[in-house]
Amino acid sequence: MAERYFSPQEVERLIPKLTPLMARVMAARTEAATAQEWLGREQQRITLDGGGMLDRAHWHHAKEKLERGTRLMQEGLAEIQAMGGVTKDLGMGLVDFIHLRDGREVNLCWRYGEERITHWHGLAEGYAARKPL
């Protein structure tokens, strides 16, 4: 049994705060992933070369971007969780909110960019199984 159930209207009232918050989380995810990819490629290059020259300033900058992006992502996800949402997919910006529908627990499904709550899915289902309200 959930601690709290959301109505579609309650989630819709959260969307003005949820939208910019998810935008920041998604941007932080992209920043962190880009930095992580560069660091991985650079690590592989150095390993394959049996050592090599390291651009310490660029390496340090990439590490800072990775750490900053990770921190901002974690902070944003914590805010979404404090609002009652469960983040499901950062690439798509999916957040679910528990809802009681016809006596059973389901998820109200919000995707970044949506201005209204129009879909739901079962607890064991995902985005592909969304059904209209």
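Before any of the text, the structure's been laid out above.
Thresholds applied
Residues numbered from 1 in each chain as written. Predicted model: local features only at pLDDT ≥ 70, side-chain atom pairs only at ≥ 80, totals over all residues. Heavy atoms only, no water. Pairing = 2+ DSSP bridges. Helix = DSSP H or I, 4+ residues; strand = E, 2+ residues; numbered from the N terminus. Bend = angle between axes of the 7 residues up to and from the residue. Phe/Tyr/Trp six-rings, centres within 6.5 Å; stacked < 30°, edge-to-face > 60°. Lys NZ or Arg CZ within 6 Å of the ring centre and 35° of its normal. Buried < 20%, exposed > 50% of the residue type's maximum accessible area, 1.4 Å probe, protein only. Contact = heavy atoms within 4.5 Å.

Describing the sheet that holds strand S5 (residues 131–132)
Okay, so step 1: Ordered in space as S1-S2-S3-S4-S5, the 5 strands form an open sheet in which the pairing is antiparallel. Looking at strand neighbours, the two that pair on one side only are strand S1 (86–89) and S5, the edges of this open sheet.
Okay, so step 2: For strand S2 (residues 94–101) and strand S3 (residues 104–111), the ladder comprises 8 bridges, and the chain directions are antiparallel. Considered in S3, the bridge of Leu 94 is made with Arg 111.

Thoughts on helix H1 (residues 8–48)
Think of an α-helix as turning once every 3.6 residues; residues three or four places apart then point the same way.
Okay, so step 1: The axis of H1 is deflected most strongly, by about 50°, at Ile 15, and proline Pro 16 appears within four residues downstream.
Okay, so step 2: Positive phi appears at Gly 50, one or two residues downstream of H1, with a value of about 70°.

A word on the packing of aromatic side chains
Okay, so step 1: Applying the stated criterion across every chain yields a total of 3 aromatic pairs.
Okay, so step 2: Above the plane of the ring of Phe 6 lies Arg 4, whose end atom (NZ or CZ) is 4.0 Å from the centre.
Okay, so step 3: The ring centre of Trp 120 lies 4.9 Å from the NZ or CZ of Lys 131, which sits over that ring.

What about the environment of Gly 84?
Okay, so step 1: Among the secondary structure elements, Gly 84 is positioned in the loop between helix H2 (56–83) and S1.
Okay, so step 2: Given a relative accessible area of 27%, Gly 84 falls into the partly exposed group.
Okay, so step 3: In this structure the C-alpha to C-alpha distance between Gly 84 and Tyr 112, which are 28 residues apart in sequence, comes to 16 Å.
Okay, so step 4: In this structure Gly 84 touches Phe 6, Asp 96 and Phe 97, once residues within four positions along its chain are discounted.

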